[in-house]
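# Observations on chain architecture
Letter by letter, the chains look like this.
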There are 2 protein chains.
Amino acid sequence: MTQSKGEPRIPTETIKRLGLYLRRLRRLLTSSVETVSSEEITRYLDISSHQFRKDLSYFGPFGRRGVGYKTDQLIVQLEKILGLDSECPIALVGVGKLGSAFLAYTGFSNFNIRIVAAFDNDITKIGKNWEGIRIEDLSRLETIVPELKIKLAVLTVPAEYAQEVGIQLAKSGVKGILNFAPANLNLPGEVLVINVDMAAELMALAYLVQKLDR
Amino acid sequence: MTQSKGEPRIPTETIKRLGLYLRRLRRLLTSSVETVSSEEITRYLDISSHQFRKDLSYFGPFGRRGVGYKTDQLIVQLEKILGLDSECPIALVGVGKLGSAFLAYTGFSNFNIRIVAAFDNDITKIGKNWEGIRIEDLSRLETIVPELKIKLAVLTVPAEYAQEVGIQLAKSGVKGILNFAPANLNLPGEVLVINVDMAAELMALAYLVQKLDR
DNA sequence: TGATGTGAATAACTTCACAGCG
DNA sequence: CGCTGTGAAGTTATTCACATCA
């Protein structure tokens, strides 16, 4: 995929950091901090203030030189950039242990991200309410997802079902999938997949730690 | 931190990919594939064969030119590199929904990674068995972890406890932490932290998807 | 001949240094 | 004067091209 010359390419890592900034800013706002410097925002984030300012610079100038940033304004701007200024409905597929953890997770609600539909193929779960969400039959996915205009999904099914469900999601108009199954999705069209591979992360950690003490 | 001139620096991304290769190779071995090419290994992985060979090259030559790699041998080599040739005991702290999902996750067992201790501060959980692991009182962490010589931990506690528990883990000799709490850990000594931030991933996905359709 | 292994070229990302501006 | 914003420099990672060897 080529890039037209005028547009500045924005690192994916930058995008991920925007979320961290947003969370931090919310906390600062809760503490009634009305104006912040790049130093202050990044203080507990393991990110340099340089990096923060560089990240923002891809989207435009937001601060006042010599002063800093207005906390509430910057929050609004970041939300807009991330597309979280209006509520973002998401679907969850696979209500096993990990899926349940997701349903219960409160960390999204602050960010206009809400799970509005959950699916499973386990008859004993279908029709029940978990965390206020009714579990639907997987076979109804292709009806419900377009109806609710859902564009994002979290995939927490066993690896062997991941591809199949991925296809169903793609057919239903989903454009982005956060995939927790240790399986690679091969999907038609412009569907973006972010893989979170917990085993791979642990293995990497094992290596890095082992290397520390030579 | 400077690097002595002779050693080749190994990208962290390379390390994470080693785990993916290992999983794929196991699957191939299960399918009785005895010899594989770099093409075949990376086929469903969204990784180029170039990348695979480059990744391996940091650690030495493992294949036969014109032929490929012996599946079983390469598995052994990768395990050795990752430090997973002997069993790697890990501790889990925080047996909430996400922690429980981890305990139940079978994806590690193939990789010599095993959760051997779980901790929580919820009296109703302590002493009970979950997935064959006895839940211990958080206050016993600093006794049990050194006893079992545990070097890696998974942190699935609420954000407000993360720092505190991180300190306890560091004191107990843990050298690497896979942190799921949306909080930054500030730890003494040489403790490596890998953060998995599910909300940040979702936010990044929201951005990327929104950008697709201009 | 066929697939690996790797230096060199390219691309991507981060850090720096300082100009710009309130 | 202080902190932001950003081009440029530096670093890190990926892709390429081909020498290499069974």
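Residues numbered from 1 in each chain as written. Chains lettered and ligands numbered in written order. Predicted model: local features only at pLDDT ≥ 70, side-chain atom pairs only at ≥ 80, totals over all residues. Heavy atoms only, no water.

## What to know about the protein's contact with DNA strand D
- Near DNA strand D, the surroundings consist of 24 residues, among which S38, F62 and G63 of chain A together with R9 and R65 of chain B are the closest.
- Taking G66 of chain A, its main chain carries an N or O atom lying 3.1 Å from a sugar or linking oxygen of DNA strand D.
- Y69 of chain A is positioned with one of its side-chain polar atoms (N or O) 2.8 Å from a phosphate oxygen of DNA strand D.
- Breaking the surface near DNA strand D down by element, the ones donating at least two residues are α3 (49-57) of chain A together with α1 (12-30) and α3 (49-57) of chain B.
- Its residues assigned to classes, the surface near DNA strand D comprises six nonpolar, nine polar and nine charged. (Near = heavy atom within 4 Å. Polar contact = N/O pair within 3.5 Å; in protein donor to acceptor, adjacent residues only side chain to side chain. Helix = DSSP H or I, 4+ residues; strand = E, 2+ residues; numbered from the N terminus. Nonpolar A, V, L, I, M, F, W, Y, C, P; charged D, E, K, R; others polar.)

## As for the domain arrangement of chain A
- If you check the domain split of chain A, you get domain 1 (12-81) and domain 2 (88-199).
- Between the C-alpha centres of domain 1 of chain A and domain 2 of chain A the distance comes to 30 Å. (Domains from an automatic or database assignment.)

## Looking at the packing of aromatic side chains
- Applying the stated rule across the entire model yields 12 aromatic pairs over all chains.
- With 5.3 Å between their ring centres and 20 degrees between their planes, F102 of chain A and F108 of chain A make a pair best called stacked.
- Residue classification places F102 of chain A among the buried positions, given a relative accessible area of 1%.
- A relative accessible area of 3% places F108 of chain A in the buried class.
- Ring geometry for Y21 of chain B versus F52 of chain B: centroids 4.7 Å apart, planes at 85 degrees, classification edge-to-face. Here the residue Y21 of chain B occupies a position in helix α1, and F52 of chain B occupies one in helix α3, the gap between them amounting to 31 residues.
- Looking at F52 of chain B, the relative accessible area reads 0%, which means it is buried. (Phe/Tyr/Trp six-rings, centres within 6.5 Å; stacked < 30°, edge-to-face > 60°. Buried < 20%, exposed > 50% of the residue type's maximum accessible area, 1.4 Å probe, protein only.)

## Some points on the protein's contact with DNA strand C
- Around DNA strand C sit 23 residues in total, of which R9 of chain A together with S38, F62, G63 and Y69 of chain B are the nearest.
- Within 4 Å of the protein, atoms of DNA strand C come from sugar and phosphate in 60% of cases.
- Between Q51 of chain A and DNA strand C, the recorded distance is 3.4 Å, taken from a side-chain N or O atom to a phosphate oxygen.
- One of the backbone N or O atoms of F62 of chain B is found 2.8 Å from a phosphate oxygen in DNA strand C.
- Among the secondary structure elements, those contributing two or more residues to the surface near DNA strand C are α1 (12-30) and α3 of chain A together with α3 of chain B.
- Considering only residue class, the surface near DNA strand C consists of six nonpolar, eight polar and nine charged.

## Some points on the environment of T106 of chain B
- Relative to the helices and strands, T106 of chain B resides in the loop between α5 (97-104) and β4 (113-120).
- Linking T106 of chain B and N186 of chain B, residues 80 residues apart in sequence, is a C-alpha distance of 31 Å.

## Focus: unusual backbone geometry
Residues and elements named next belong to chain A.
- Phi is positive for N112, which is not a glycine, with a value near 65 degrees.
- Relative to the elements of secondary structure, N112 occurs in the loop between α5 (97-104) and β4 (113-120).
- Judged by relative accessible area, which is 24%, N112 ranks as partly exposed.

## Some words on the sheet that holds strand β7 (residues 152-155) of chain A
Residue and element names in this part refer to chain A.
- Read from one edge to the other, the open sheet built from seven strands follows the order β5-β6-β4-β3-β7-β8-β9, with strand pairing classed as mixed. Each end of this open sheet is capped by a strand with a single partner; those strands are β5 (129-130) and β9 (192-195).
- Note: strand β8 (residues 176-179) against β9, four bridges, orientation parallel. Residue L178 lies in a different strand from β9, and its bridge partner there is I194.
- Across the sheet, helix α7 (residues 159-171) is in contact with β3 (88-93), β7 and β8; its angle to β7 comes to roughly 170 degrees. (Pairing = 2+ DSSP bridges. Contact = heavy atoms within 4.5 Å. Axes fitted to C-alpha atoms, helices over the stretch in contact; angles between N-to-C directions.)

## Section: the relation of the copies chain A and chain B
- Superposition record for chain A on chain B: RMSD 0.1 Å, screw rotation 180 degrees, translation along axis 0.0 Å. Put plainly, the chains are arranged around a two-fold axis. Among all residues of chain A, the minimum C-alpha distance to the rotation axis is found for L98 of chain A, at 3.1 Å.
- In this assembly, 98% of the residues forming the interface of chain A have copies in chain B that are likewise at the interface, indicating an isologous arrangement. (Least-squares fit on C-alpha atoms with pLDDT ≥ 70 in both.)

## Let's talk about the nonpolar core
- Of all hydrophobic cores here, the largest spans 106 residues; its most connected members are F102 of chain A together with F102 of chain B.
- The residues touching F102 of chain B, leaving out its near neighbours within four places in the chain, are M198 and L202 of chain A together with L92, F108, I115, V154, L178 and F180 of chain B. (Core = buried A, V, L, I, M, F, W, Y, C linked by side-chain atoms within 4.5 Å.)

## Some remarks on the sheet that holds strand β9 (residues 192-195) of chain B
Residue and element names in this part refer to chain B.
- In space, the seven strands of this open sheet follow the order β5-β6-β4-β3-β7-β8-β9, with mixed pairing throughout. Looking at the sheet topology across the chains shown, the edges are occupied by β5 (129-130) and β9.
- Bridge analysis of β5 against strand β6 (residues 133-137) gives two bridges, and the strand direction is antiparallel. Across the sheet, the residue bridging to N129 is R134, located in β6.
- Packed on one face of the sheet, helix α7 (residues 159-171) meets β3 (88-93), β7 (152-155) and β8 (176-179) and runs near 170 degrees to β7.

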